Amino acid sequence: VEICSIYGSIIADSDPTPLTFQLMLQLIDVLGGTFMESTIDRYNQDLRLYESYLTIRMPGQSDVLQVRCRGSDAIGLSVLAKKPIKINTAFLGRV
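Residues numbered from 1 in each chain as written. Predicted model: local features only at pLDDT ≥ 70, side-chain atom pairs only at ≥ 80, totals over all residues. Heavy atoms only, no water.

## A few points about the overall build of the protein
Thinking step 1. Assigned secondary structure in the protein consists of 3 helices and 4 strands.
Thinking step 2. For the protein, the sequential pattern of α-helices and β-strands runs α-α-β-β-β-α-β.
Thinking step 3. Residues classed as buried in the protein amount to 29% of the 95 residues present.
Thinking step 4. Of the contacts formed within the protein by residues at least 6 apart in sequence, a portion of 47% connects residues at least 24 apart. (Helix = DSSP H or I, 4+ residues; strand = E, 2+ residues; numbered from the N terminus. Buried < 20%, exposed > 50% of the residue type's maximum accessible area, 1.4 Å probe, protein only. Contact = heavy atoms within 4.5 Å.)

Listed below in structure tokens is the structure:
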């Protein structure tokens with residue numbers, strides 16, 4: 001279902017109600033920030049989820065911010081913004 005939403009946001013001109021990752025990108029922009037990339041860091045066996053982060057640069061900040069998020073939102077945001085998705089290859093094949 002999530003991949004269909006991501007695909008739909010790519011091919012559609014606009015949607016009257018933004019999806020979560022579209023809203024996040026709009027908020028970052030309105031606040032003057034720059035979305036830089038998504039990182040899929042590792043798989044948490046206990047929680048059964050991928051630990052994912054968004055890397056954002058905000059005005060007046062010397063460092064970038066890393067915000068934890070759902071993997072689907074990280075991928076959706078990167079695809080929509082045409083930004084890199086970095087994957088820690090150390091955990092691939094261990095899930």
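## Describing unusual backbone geometry
Thinking step 1. A positive phi angle, near 55 degrees, is found at Lys-82, a position not held by glycine.
Thinking step 2. Checked against the element boundaries, Lys-82 lands in the loop between helix H3 (71-81) and strand E4 (85-87).

## A look at the nonpolar core
Thinking step 1. In this structure, Phe-21, Met-24, Ile-28, Phe-35, Ile-40, Leu-54, Ile-56, Met-58, Cys-69, Ala-74 and Leu-77 together form the largest nonpolar core, which totals 11 residues.
Thinking step 2. Residue assignment for this core shows that the elements contributing at least two residues are helix H2 (20-30), strand E1 (34-44), strand E2 (49-57) and H3.
Thinking step 3. Considering each element in turn, this core owes the most residues, 3 residues, to H2.
Thinking step 4. The contacts of Ile-56, once residues within four sequence positions are left out, are Ile-28, Thr-34, Phe-35, Met-36, Val-64, Leu-65 and Val-67. (Core = buried A, V, L, I, M, F, W, Y, C linked by side-chain atoms within 4.5 Å.)

## Observations regarding H2
Thinking step 1. Listed in full, the buried residues belonging to H2 are Phe-21, Gln-22, Met-24 and Ile-28. Looking straight down H2, one finds its buried side chains confined to an arc of 160 degrees; they lie on one side.
Thinking step 2. Where H2 terminates, the next one or two residues include Gly-32, which has phi positive at roughly 85 degrees. (Arc of directions from axis to C-beta.)

## A short note on the pairing of E1
Thinking step 1. Note that E1 and E2 share 9 bridges and pair antiparallel. Pairing of Thr-34 across the sheet is with Arg-57, part of E2.
Thinking step 2. As consecutive antiparallel partners, E1 and E2 are separated by 4 residues, and within that stretch Arg-48 has a phi angle of approximately 55 degrees, a positive value. (Pairing = 2+ DSSP bridges.)

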